[in-house]
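Structural description and commentary
As a plain string of letters, each chain reads:
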Amino acid sequence: MTAVVTATGLSKRYKSSQALDGATFQIGSGRIVGLIGPNGAGKTTALKAILGLTTFEGQLNVLGLDPRKDRDKLMEQVCFIADVAVLPRWIRVKDAVDFVANTHPRFDRAKCDAFLARTKLQPMQKVKQLSKGMIVQLHLALVMSIDARLLVLDEPTLGLDILYRKQFYQSLLEDYFDEEKTILVTTHQVEEIEHILTDLMFIRDGKIVLDTDMDSLGERFAEVLVGAEFAHAARELKPLDERQVFGKSIFLFDNVSRPELERLGEVRRPSIGDLFVATMKGTYA
Amino acid sequence: MKTFYWLVKREFWEHKGGFFWAPVVTGIVFLVLNGMGIVLGEVFGRKWGGLRFGGGDFHMQSDMSLADLRNVGAGIDIMLYTVAAIILGVTAIVVFFYCLGALYDDRRDRSILFWKSLPLSDTSTVLSKLASAALLAPAIAIVVGVIVGLVLALFLAVVATIHGLSLWSLLMEAHPLRVAMNLVLLLPLYAIWALPTLGWLLLCSAWAKSKPFLWAIALPVGSGVIVSWFGLMGLFNLSTDWYWKNVVSRLLGSLVPGSWVGNASPLVIPGHNDPAALLDSLDLAYHYSALASPSLWIGATAGAAMIAGAVWFRRWRDES
């Protein structure tokens, strides 16, 4: 596994807060990594550091380059969608395509036209006439036609309806992603990307608190549905979290042996959402 | 180079209204007003019994001397320059506000994040905006200005013909091509002279967290007021006026077309009855004598430094 991003001791202090506090992580080639964290945990700052949009302390290597020094070169290989609706409102669809086609060396115009043909976008339409969902379609068509090695998505589907959200990730998986490419995505809608991720990172208070691939996630964490009679025994095993459903308790365990858990009740793989809630307990307290 | 071309094209797309339509509309309004003036003149002229052209010393063409002809041509040339200067003045206002928004508007609406997702260096981005402001917009204004001037000359010729005065051959005495050429050749001087204003506005645009207009005006004017109050320039044996003239007005007013004339060599003004000679004395060599003035070069250097600052802020300004 070759590393696309290697970060060591990444720190960034804003006037009033420590956005990143010695975050250390590595992202391999051909992975789809979810960077998940509560508001203000440092997700966006981490992405900005990777994209060379901000200063920071520590070591950061993206595709062999330092984003602080070699940003111009880096952006030929890296692309990002930062938030929805950041396309300039005055630009026409055809001008946007023209512009990227003529300024990006790795842009494939035929591909972009094919993507656009599948949408209702008209060449002469201006971005300000488009709905939020259509703006994302345009942005996605532009970005997917760029043969970038790393694609960074920061809350790419915020404020979109479910049709556009599903379509967004489906297009990415079917028409864009391959083993040469790497996708790094942050979102609050964890359920929606759960099934496409290969790796998961949790960030809290500027530190990476969980960094695992999805396969070992299923081995490491387990959710057990326990009847009242075994609840006490379950608590002995130091669960991460406990919640009540229909008179039964659901316990979340980290690194407890499978046979031991199976004695207590039905064992399931926890959802990322539940795992996230358990891990981030007390963040806003 | 190709990227730079597209960057400038992008500026034109975004600011077509200011760069192209503003001078065109100004020109049309100008022509309509003049046309109305001519019509009014005709109407009232008829009421009061006949329109006399140009007062007493305007003769029929047949008995005009060569010098007279030359002066009519020069008069039309001066009119062309004047019209172009008016249009350029409008473009200067457009460019002033364009520069203030050039590196600010896309930060405000966050579309900077889209531009920054493309492999465009911040240096070429800022320089493309500078080129649009200093060369593209004035060039469009010159073209529009000369066309409007010619149309106006045509108006007058038509009216004169109605009155039995063949101005067509007088029109031939004008030199629209030379006027256009001179204006185009003045463009580099205009751009160099305007650098401190362009640089200052771009710097404010790249730096201000909000309200770049306010900062851009308040800082120079405020500093001028402080300097005036405390007579600070006395420390350098300079007058307060010196500060206003060489700092404040250079930072804010260098876009005014022809504002370098105060720094060109002293003008020898010929008799006011001799437009041709006046025009000759206002030739390119006269304008370019401003190149000898330190204000031009110090201003240009300061402008370049401020543009470098704008590039730096464009690269590192971190919004959140």
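This one's a predicted model, so the numbers in the text were calculated from it and none came from an experiment. Throughout this description, residue numbers start from 1 for each chain and increase along the sequence as written. Note on labels: chains are lettered from A, ligands numbered from 1, in written order. Owing to the predicted nature of the model, reporting of local features is limited to residues with pLDDT of at least 70; listing and counting of side-chain atom pairs is limited to 80 or more, with chain, interface and lining totals taken over all residues.

A word on the overall build of chain B
- In this text, helices come from DSSP runs of H or I with a minimum length of four residues, and strands from runs of E with a minimum of two, each type numbered from the N-terminal end. On a plain count of helices and strands, chain B comes out with 13 helices and zero strands.
- Starting at the N terminus and walking to the C terminus, you meet the elements of chain B as α-α-α-α-α-α-α-α-α-α-α-α-α.
- Reported as C-alpha extents along the three principal axes, the dimensions of chain B are approximately 75 × 50 × 40 Å.
- Put plainly, a residue is buried at 20 or more neighbouring C-beta atoms within 10 Å of its own, exposed at 12 or fewer, and partly exposed in between, counting only other residues' C-beta atoms, which are placed from the backbone. Across the 320 residues in chain B, those meeting the buried criterion constitute 35%.
- Within chain B, contacts between residues separated by at least 24 positions form 85% of all contacts whose residues are at least 6 apart in sequence. Two residues form a contact once the distance between their C-beta atoms, set from the backbone, is within 7 Å.

Regarding the environment of Ala 157 of chain B
Residue and element names in this part refer to chain B.
- With respect to the helices, strands and loops of the structure, Ala 157 is situated in helix H6 (residues 122-162).
- Owing to 18 C-beta atoms within 10 Å, Ala 157 belongs among the partly exposed residues under this scheme.
- Through-space distance from the C-alpha of Ala 157 to that of Ala 300 is 43 Å; in sequence the pair is 143 residues apart.

Digging into the sheet that holds strand S11 (residues 241-245) of chain A
Residues and elements named next belong to chain A.
- Any two strands are treated as partners once DSSP identifies two or more bridges connecting them. An order of S11-S12-S10-S13 is seen for the four strands of this open sheet, with the pairing classed as antiparallel. The two strands at the open ends of the sheet, each matched to only one other strand, are S11 and strand S13 (265-268). Taken pair by pair, the neighbouring strands of this sheet meet at an average axis angle of 25°, ignoring direction.
- Alignment of strand S10 (residues 221-226) against S13, held across four bridges, turns out to be antiparallel. Paired with Val 226 across the strands is Gly 265, a residue of S13.
- The axes used here are C-alpha line fits, helices contributing only the stretch in contact, and every angle between their N-to-C directions lies in the interval 0 to 180 degrees. Strand contacts of helix H11 (residues 272-279): S10, S11 and strand S12 (248-254), with the helix running at about 80° to S12, the strand carrying the most contacts.

Section: the interface of chain A and chain B
- Each partner contributes residues to the interface: chain A has 23 residues there, and chain B has 21 residues.
- Of all the elements in the fold, those that place two or more residues in the side of chain A that touches chain B are strand S5 (78-82) and helix H3 (93-103) of chain A.
- Along the lines of polarity and charge, the residues of the side of chain A that touches chain B split into twelve nonpolar, six polar and five charged. The classification used treats Ala, Val, Leu, Ile, Met, Phe, Trp, Tyr, Cys and Pro as nonpolar, Asp, Glu, Lys and Arg as charged, and all other residues, Gly among them, as polar.

Some words on H11 of chain A
Residues and elements named next belong to chain A.
- When we look at burial in H11, the residues that qualify are Ile 272, Leu 275, Phe 276 and Thr 279. Axial view of H11: buried residues confined to an arc of 100°, hence all on one face.
- Buried residues belonging to H11 abut strand S3 (32-36), helix H7 (190-193), strand S8 (199-204), strand S9 (207-213), S10 and S12. Here the arc refers to the directions that run from the helix axis out to each C-beta atom.

A few points about the sheet that holds S8 of chain A
Residues and elements named next belong to chain A.
- Here six strands make up an open sheet; going across it, the order is S5-S6-S7-S3-S8-S9 and the pairing mixed. With partners counted over all chains shown, the strands left at the sheet margins are S5 and S9, one partner each. Across this sheet, the average inter-strand angle for adjacent strands is 15°, counted without regard to direction.
- In this sheet, strand S6 (residues 150-154) lies alongside S5 in parallel orientation, the contact comprising five bridges. Paired with Ile 81 across the strands is Leu 153, a residue of S6.
- Set on the sheet, H11 makes contact with S3, S8 and S9; between it and S8 the angle comes to about 25°.

A word on the environment of Tyr 169 of chain A
Residue and element names in this part refer to chain A.
- Tracing the backbone through its elements, the reader meets Tyr 169 in helix H6 (residues 162-176).
- Residue Tyr 169 is classed as buried on the basis of its 22 C-beta neighbours within 10 Å.
- Note: C-alpha distance between Tyr 169 and Ile 196 (27 residues apart in sequence) is 8.2 Å.
- Once residues within four sequence positions are removed from consideration, Tyr 169 is found in contact with Glu 192, Ile 193 and Ile 196.

Some points on the confidence of the model for chain A
- The quantity called pLDDT is the predictor's confidence in a given residue, expressed from 0 to 100. Confidence in the prediction of chain A, expressed as mean pLDDT, is 90, and 99% of residues score 70 or more.
- Averaged pLDDT values for the elements of chain A fall to 83 in helix H9 (residues 231-236) of chain A and rise to 96 in H3 of chain A.

Let's talk about the pairing of S3 of chain A
All names here are of chain A.
- Counting buried positions along S3 yields five of five residues, so the element is predominantly enclosed.
- Burial along S3 is two-sided: the residues Ile 32, Gly 34 and Ile 36 and Val 33 and Leu 35 are all buried.
- Judged from the three bridges that link them, S3 and strand S7 (residues 182-186) form a sheet pairing that is parallel. Bridge assignment links Gly 34 to a residue of S7, and that residue is Val 185.
- Bridge count for S3 against S8 is four bridges, and the pairing is parallel. Residue pairing across strands places Val 33 opposite Asp 199, the latter belonging to S8.

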